[in-house]
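# Geometric and topological summary
Each chain is listed here by its residues.
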Amino acid sequence: MTDFILNAQARTDLGKGASRRLRHSASIPAVVYGGGKEAQSLTIVAKEIAKLFENEAAYSHVIELNVDGAKQNVIVKAMQRHPAKQFIMHADFIRVVAGQKLTAVVPVHFINEEAPVKKGGEISHVESQIEVSCEAKDLPEFIEVDLANAEIGTIIHLSDLKAPKGVEFVALAHGDDKAVANVHAPRVAPEAAEGAAE
């Protein structure tokens, strides 16, 4: 049983026109696939899905999807938002199968950011989320990046992070040791630099 529950109805009216009509009726189109079953088109009440995803944890948790009374565990795979208004326009879910690995995107939480700032550094967050591969039971809510010991000039890569038990960073598994954050000296404004030179 999961804390995240979402109700949906099976949808047979497909196509762009149907999706547009759905949005006008305060619902959104969605699809659930994977788990060795056929993809299924769904209708979800826009207000319900918006409320669920107000909680950041819903993006990286197993969701109980109730389709016309039939329950299945899923995770969100992709979400399309309106470019200007940011409301959800479409959602893709993937079925969770016990014992099978899945890939999901989880948020990055930076802690102890005040430490490098006190040393005069500025922090750039390069990644706000990381793609992970794991079983559903091991899916982390977020990945923590501790900046307590970061000095000016430090670049924190994926390989510097401790992956939770049973979790693998997808990019790292493919040989891409991405930068997650870096600490750099403040950029001096041109006028300040000129003043210092006089």
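It should be emphasised that the depicted structure is a prediction, and the values quoted were computed from it without experimental measurement.

## A closer look at the sheet that holds strand S2 (residues 27-34)
Working definition: the strands of a sheet are paired by backbone hydrogen bonds and lie parallel or antiparallel to each other. A barrel is described by the order of its strands in space; here six strands give the closed sequence S1-S3-S2-S6-S5-S4, paired in mixed fashion. Neighbour-to-neighbour, the strand axes of the sheet open up by a mean angle of 45°, direction not taken into account. Note: S2 against strand S6 (residues 88-95), four bridges, orientation parallel. The residue bridging Ala30 from the neighbouring strand is Ala91, located in S6.

## Re unusual backbone geometry
Notably, Asp68 is not glycine yet its phi reads approximately 50°, a positive angle. Relative to the assigned elements, Asp68 resides in the loop between strand S4 (63-67) and strand S5 (70-81).

## Here we look at the sheet that holds strand S7 (residues 101-111)
Strand order in the open sheet formed by four strands is S10-S7-S9-S12, with mixed pairing between adjacent strands. Among the strands making up the open sheet, the edge pair consists of strand S10 (143-146) and strand S12 (168-169).

## Considerations on the environment of Leu172
If you trace the backbone, Leu172 turns up in helix H4 (residues 170-173). Residue classification places Leu172 among the partly exposed residues on the basis of a relative accessible area of 31%. In the structure, Leu172 is positioned 15 residues away from His157 in sequence and 9.6 Å away in space, judged by C-alpha atoms. Those residues in contact with Leu172, other than ones at most four positions away along the chain, are Leu158, Ser159 and Asp177.

## Concerning the layout of surface pockets
Summary: where empty space remains is shown by rolling a probe the size of a single water molecule over the atoms. When its volume is computed, the largest pocket comes out at roughly 350 Å³. Taken together, 16 residues make up the lining of the largest pocket; nearest its centre are Tyr59, Val76, Val105, Val106 and Gln129. Elements that contribute at least two residues to the lining of the largest pocket include exactly S5, S7 and strand S9 (129-135). The element that contributes the greatest number of residues to the lining of the largest pocket is S7, accounting for seven residues. Split by residue class, the lining of the largest pocket holds nine nonpolar, four polar and three charged.

## Considering the packing of aromatic side chains
Inspection of the entire model under this criterion finds one aromatic pair. Aromatic side chains Phe53 and Tyr59 sit 4.8 Å apart centroid to centroid with 50° between the ring planes, which places their arrangement in the tilted category. You can call Phe53 buried: its relative accessible area is 6%.

## Structural notes on the pattern of salt bridges
The full count for this structure, using the stated rule, is three salt bridges. The closest approach of N and O atoms between Lys178 and Glu127, which form a salt bridge, is 3.9 Å. Here the residue Lys178 occupies a position in the loop between H4 and strand S13 (179-184), and Glu127 occupies one in the loop between strand S8 (122-125) and S9, the gap between them amounting to 51 residues. Classification of Lys178 as partly exposed rests on a relative accessible area of 33%. Here Lys137 ties to Asp138 by a salt bridge, and the two come within 3.3 Å at their closest N and O atoms. When its relative accessible area of 65% is taken as the criterion, Lys137 is described as exposed.

About the criteria used
Residues numbered from 1 in each chain as written. Predicted model: local features only at pLDDT ≥ 70, side-chain atom pairs only at ≥ 80, totals over all residues. Heavy atoms only, no water. Pairing = 2+ DSSP bridges. Helix = DSSP H or I, 4+ residues; strand = E, 2+ residues; numbered from the N terminus. Axes fitted to C-alpha atoms, helices over the stretch in contact; angles between N-to-C directions. Buried < 20%, exposed > 50% of the residue type's maximum accessible area, 1.4 Å probe, protein only. Contact = heavy atoms within 4.5 Å. 1 Å grid on protein atoms, 1.4 Å probe; cavity = no way out; pocket = protein on both sides within 12 Å on 5 of 7 lines; lining within 4 Å. Points joined across faces, edges and corners; volume = space filled by probe spheres on them. Nonpolar A, V, L, I, M, F, W, Y, C, P; charged D, E, K, R; others polar. Phe/Tyr/Trp six-rings, centres within 6.5 Å; stacked < 30°, edge-to-face > 60°. Salt bridge = Lys/Arg side-chain N within 4 Å of Asp/Glu carboxyl O.

Just geometry here; none of it tells us what the structure is for.
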